[in-house]
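Here's the letter readout for the chains.
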Amino acid sequence: MESAATYCGTVYPWQCDHVGHMNIMWYVGKFDEANWNLFARLGLTPSYLRSSGRGMAAVQQNITYRRELVAGDIVEIRSALLEIGEKSIRFMHEMRNGETGELAASCEISGVHMDRQARKSVMFTDAVRRSAAKHIVSAKAVMA
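Let me begin by describing the structure that accompanies this report.

What follows deals with helix α3 (residues 126-133). Every buried residue of α3 is accounted for by V128, S131 and A132. Along α3, the residues classed as buried sweep out an arc of 100° about the axis, all on the same side. Relative to its buried face, α3 has exposed residues pointing more than 90 degrees away, namely D126 and R130. Elements that come into contact with the buried residues of α3 comprise α1 (24-41) and β3 (74-84).

Before going further, it helps to spend a moment on the pairing of strand β4 (residues 88-97). With seven of ten residues buried, β4 is to be regarded as a mostly interior element. Sheet topology note: the β3/β4 ladder contains nine bridges and is antiparallel. Among the inter-strand pairings, E83 is bridged to a residue of β4, identified as R90. Taking the residues between adjacent antiparallel strands as the criterion, β3 and β4 are bridged by three residues. Two elements, β4 and strand β5 (residues 103-115), share nine bridges in a ladder whose sense is antiparallel. The residue of β5 that forms the bridge with S88 is V112. Hairpin connection of β4 to β5: five residues between the antiparallel strands, including G101 at a positive phi of 80°.

In a regular helix each residue adds 1.5 Å, so 18 residues correspond to 26 Å; α1 covers 26 Å between its end C-alpha atoms and thus fits that length. Of all the residues in α1, the buried ones are Y27, K30, F31, A34, N35, L38 and F39. The N-capping residue of α1, defined by a side-chain oxygen 3.0 Å from the backbone nitrogen of M25, is N23. Looking one or two places after α1, you find G43, whose phi comes out positive at around 105°.

What follows is about the environment of S88. Looking at where S88 falls in the secondary structure, it is placed in strand β4. A sequence separation of 41 residues divides S88 from S47, and the C-alpha atoms of the two residues are 20 Å apart. Residues contacting S88, with those up to four places away along its chain left out, are E83, G111, V112 and F124.

Our next topic: the environment of G43. Mapped onto the secondary structure, G43 falls in the loop between α1 and α2 (46-52). Once the C-alpha coordinates of G43 and T125 are considered, the two residues, 82 residues apart in sequence, prove to be 9.5 Å apart. Excluding its chain neighbours within four sequence positions, the residues that come into contact with G43 are Y48, V128 and S131.

Reading the values: the criteria
Residues numbered from 1 in each chain as written. Predicted model: local features only at pLDDT ≥ 70, side-chain atom pairs only at ≥ 80, totals over all residues. Heavy atoms only, no water. Buried < 20%, exposed > 50% of the residue type's maximum accessible area, 1.4 Å probe, protein only. Helix = DSSP H or I, 4+ residues; strand = E, 2+ residues; numbered from the N terminus. Arc of directions from axis to C-beta. Contact = heavy atoms within 4.5 Å. Pairing = 2+ DSSP bridges. Expected span 1.5 Å × (residues − 1). Polar contact = N/O pair within 3.5 Å; in protein donor to acceptor, adjacent residues only side chain to side chain.

Here's what the structure looks like:
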């Protein structure tokens with residue numbers, strides 16, 4: 001995974017379900033927040049997305065749950081870029097208990113770069129593709 005975290009936070013009591021574990025909707029939300037930090041590192045910054053009329057859309061998301069997180073747990077997500085194509089991107093996140101280091105969940109996402117007005121996928125700029133290429137890791141390295 002990348003060396004710097006793409007999300008740091010905590011589990012609040014209102015994020016837990018009736019059995020005391022963080023509800024799955026909050027896992028998805030925390031992974032989503034990590035997305036935007038990863039994208040910014042690749043050059044897909046909020047200012048770029050706003051000024052260019054571009055956006056990112058998830059087309060597939062697979063989550064694996066390993067360990068429960070409960071109220072008060074510290075959450076840390078680290079992210080890795082697996083692949084970038086002309087218009088698409090594939091990356092993954094690992095969510096860990098920040099105190100124990102235990103893997104709580106992982107998530108692999110495929111997304112597309114899009115023109116927000118036309119509502120169609122468009123090519124990444126050369127600058128974004130060059131920046132992203134420096135961040136690509138193999139899936140085997142991530143799972144090590």
